[in-house]
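Each chain, written out:
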Amino acid sequence: MPGAQTREMTVGGHRVILTWRRNAVRLNLRADEKRNVFALTAPVGAPMSRVQRFLDEHIDWMNRVAVERLSDFEPRYVPGERHLLQGRRVTLGEDGIPAGRAFLVLRQRTLEALIRELLPLWEGRMGVKAAVVRFRNMHSRWGSCQPQRAEIHLSALLGQVPRELTEYVLAHELCHLLYADHGPGFHAAMTRFLPDWEERRRALARFDRRPWPGTQEKEPGGSSGQAGRISAPESAQ
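Quantities reported herein were computed from a predicted structural model and do not represent experimental measurements. (Residues numbered from 1 in each chain as written. Predicted model: local features only at pLDDT ≥ 70, side-chain atom pairs only at ≥ 80, totals over all residues. Heavy atoms only, no water.)

1. Some thoughts on the side chain of serine 155
Quick reminder of the rule: To qualify as a helix, a DSSP run of H or I must reach at least 4 residues; to qualify as a strand, a run of E must reach at least 2; elements of each kind are numbered from the N terminus. Per-residue accessibility, obtained with a 1.4 Å probe over protein chains only, is compared with the maximum for each type, and a residue is labelled buried under 20%, exposed over 50%, and partly exposed between these values. Side-chain atoms alone can form a polar contact between residues adjacent in sequence; in general such a contact is a pair of N or O atoms within 3.5 Å, and within protein one must be able to donate a hydrogen while the other accepts it. Only heavy atoms enter the contact rule, under which two residues are in contact if any of them lie within 4.5 Å.
If you trace the backbone, serine 155 turns up in strand β9 (residues 151-155). Residue serine 155 is classed as buried on the basis of its relative accessible area, which comes to 0%. A polar atom in the side chain of serine 155 sits 3.0 Å from the backbone oxygen of methionine 138. Ignoring sequence-local partners within four residues, the contact set of serine 155 consists of Leu111, Arg136, Met138, Arg141 and Trp142.

2. Here we look at unusual backbone geometry
Negative phi values dominate among residues other than glycine, just as trans dominates among peptide bonds. Phi angles above zero are rare outside glycine, and aspartate 95 is one such case at about 55 degrees. Relative to the assigned elements, aspartate 95 resides in the loop between β6 (88-91) and α3 (101-126). Phi at alanine 150 is positive, roughly 55 degrees, even though this residue is not glycine. Among the structural elements, alanine 150 can be located in the loop between β8 (143-146) and β9.

3. Considering the packing of aromatic side chains
Our working definition: Note on ring pairs: Phe, Tyr and Trp rings are taken, using the six-membered ring of Trp, and paired if centres are within 6.5 Å. Classes follow the plane angle, with under 30 degrees stacked, over 60 edge-to-face and the rest tilted. For a lysine, the NZ atom is tested; for an arginine, the CZ atom; a charge sits over a ring if that atom is within 6 Å of the ring centre and within 35 degrees of the ring normal.
Considering all chains together, one arrives at two aromatic pairs under this definition. It is arginine 125 that lies over the ring of tryptophan 122; its NZ or CZ is 4.2 Å from the centre. Across from the ring centre of phenylalanine 193, 4.7 Å away, lies the NZ or CZ of arginine 192, which sits over that ring.

4. What to know about the sheet that holds strand β4 (residues 37-43)
Our working rule: When DSSP finds at least two bridges between two strands, those strands are taken to pair. Fitted lines through C-alpha atoms serve as axes, helices being fitted only where they are in contact, and the angles separating the N-to-C directions of these axes extend from 0 to 180 degrees.
Ordered by their spatial adjacency, four strands build an open sheet running β1-β2-β4-β3, and the pairing between neighbours is mixed. At either margin of the open sheet sits one strand with a lone partner, and together these are β1 (5-11) and β3 (28-32). Averaged over all pairs of adjacent strands, the angle between strand axes in this sheet comes to 25 degrees, irrespective of strand direction. Where strand β2 (residues 14-21) and β4 come together, six bridges link them in parallel fashion. In the strand pairing of β4, isoleucine 17 is matched with alanine 39. Of the strands in this sheet, β1, β2, β3 and β4 touch helix α1 (residues 48-57), which is tilted by about 45 degrees from β1.

5. Focus: the environment of leucine 29
Checked against the element boundaries, leucine 29 lands in strand β3. Among the residues examined, leucine 29 registers a relative accessible area of 13% and is labelled buried. Separated by 29 residues in the primary sequence, leucine 29 and histidine 58 place their C-alpha atoms 8.9 Å from one another. In this structure, leucine 29 is in contact with Phe38, Ala39, Leu40, Phe54, Leu55, His58, Trp61 and Met62, ignoring residues within four places of it in sequence.

6. What to know about the environment of alanine 150
Judged by relative accessible area, alanine 150 falls into the buried class, the value being 15%. Measuring from C-alpha to C-alpha, the distance between alanine 150 and glutamate 173 comes to 9.8 Å, with 23 residues separating the pair along the chain. The residues contacting alanine 150, other than those within four sequence positions of it, are Lys129, Ala130, Ala131, Val132 and Leu177.

7. Description of the nonpolar core
Here is the rule: In these notes, a set of buried Ala, Val, Leu, Ile, Met, Phe, Trp, Tyr and Cys residues joined through side-chain atoms within 4.5 Å is what counts as a nonpolar core.
Formed by 33 residues in total, the largest nonpolar core has its most connected members in Ile115, Trp122, Met126, Leu154 and Leu174. Elements supplying a minimum of two residues to this core: α3, β7 (132-136), β9, α4 (163-175), α5 (184-193) and α6 (197-205). Excluding residues within four positions of it along the chain, tryptophan 122 makes contact with Glu167, Ala171, Leu174, Phe193 and Leu194. Counting residues in hydrophobic clusters, the runner-up holds 18 residues, among them Leu18, Leu27, Phe38 and Leu55.

8. Let's talk about the packing of α4 against α6
The following threshold applies: Here the word oblique covers every angle except those under 35 degrees (roughly parallel), over 145 (roughly antiparallel) and from 65 to 115 (roughly perpendicular). Handedness of a crossing follows from how the near helix is turned relative to the far one, being left-handed for an anticlockwise turn of less than a right angle and right-handed for a clockwise one. Side-chain classes follow a simple rule in which Ala, Val, Leu, Ile, Met, Phe, Trp, Tyr, Cys and Pro form the nonpolar group, Asp, Glu, Lys and Arg form the charged group, and the remainder, Gly included, forms the polar group.
Remark: α4 packs on α6, axes separated minimally by 9 Å, with the N-to-C direction vectors making an angle of 115 degrees. The orientation of α4 relative to α6 falls into the category roughly perpendicular. In terms of crossing hand, the pair formed by α4 and α6 is left-handed. Each of Glu164, Leu165, Glu167, Tyr168 and Val169 in α4 lies in contact with α6, whose residues at this interface are Trp197, Arg200, Arg201, Ala203 and Leu204. Grouping the amino acids of the contact of α4 with α6 by side-chain chemistry returns six nonpolar, no polar and four charged.

9. So, the state of the cysteines
Quick note on the threshold: Note that a disulfide, as used here, is simply two cysteine sulfur atoms within 2.5 Å.
In this structure the tally under the stated criterion is zero disulfides. Lacking any disulfide linkage, cysteine 175 is separated from the closest cysteine sulfur, that of cysteine 145, by 9.7 Å. Overall, cysteine 175 belongs to the buried group, its relative accessible area being 0%.

In structure tokens, the structure reads:
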């Protein structure tokens, strides 16, 4: 089209086709599902600083859309990609955050360390004892509990969410050692032990249980170690 210039760029691991158009009056970003890219239209003369700031402000939207609609987009964990680490958006290869397999290992070990910190506190608070806590690659739920065996499974994807939401999931599963179902007794106990649990549950619902930005996360490879009653993630089935 006459008067249009294009440029391809990568932002947070997303492929973006930037087009400057004479008739554009503002920046406009949309998902182009046919080409499996994001299409950004900008007025002619718009500086790259303005374009970059606009994209940075909308990165969370891009991440969500990449999961929901750009199904072929899969994270490569290369430098420059942005990922979640305990609720923080980090850029791989910057500020001490490694890229590749090392990032997945870092995220898993960070999650394991948090559970080691929280587990004895919540066991003591609730008066229960988990026989084992295992991490699994679960995409349908954040955690599960087998009360008869006092066994708790946590999703390895909890490494993406803020620590207070991981704490809610752990407290929820430990509470099942007191009440196997989600009846009135369970809800009353959760309110007694964690008064804002419903607020945390709503906050957790805003996170996708699939790894950002693709629909299937690759294993970091091998075991990340085991300590106490906490085991490393099991391989995806």
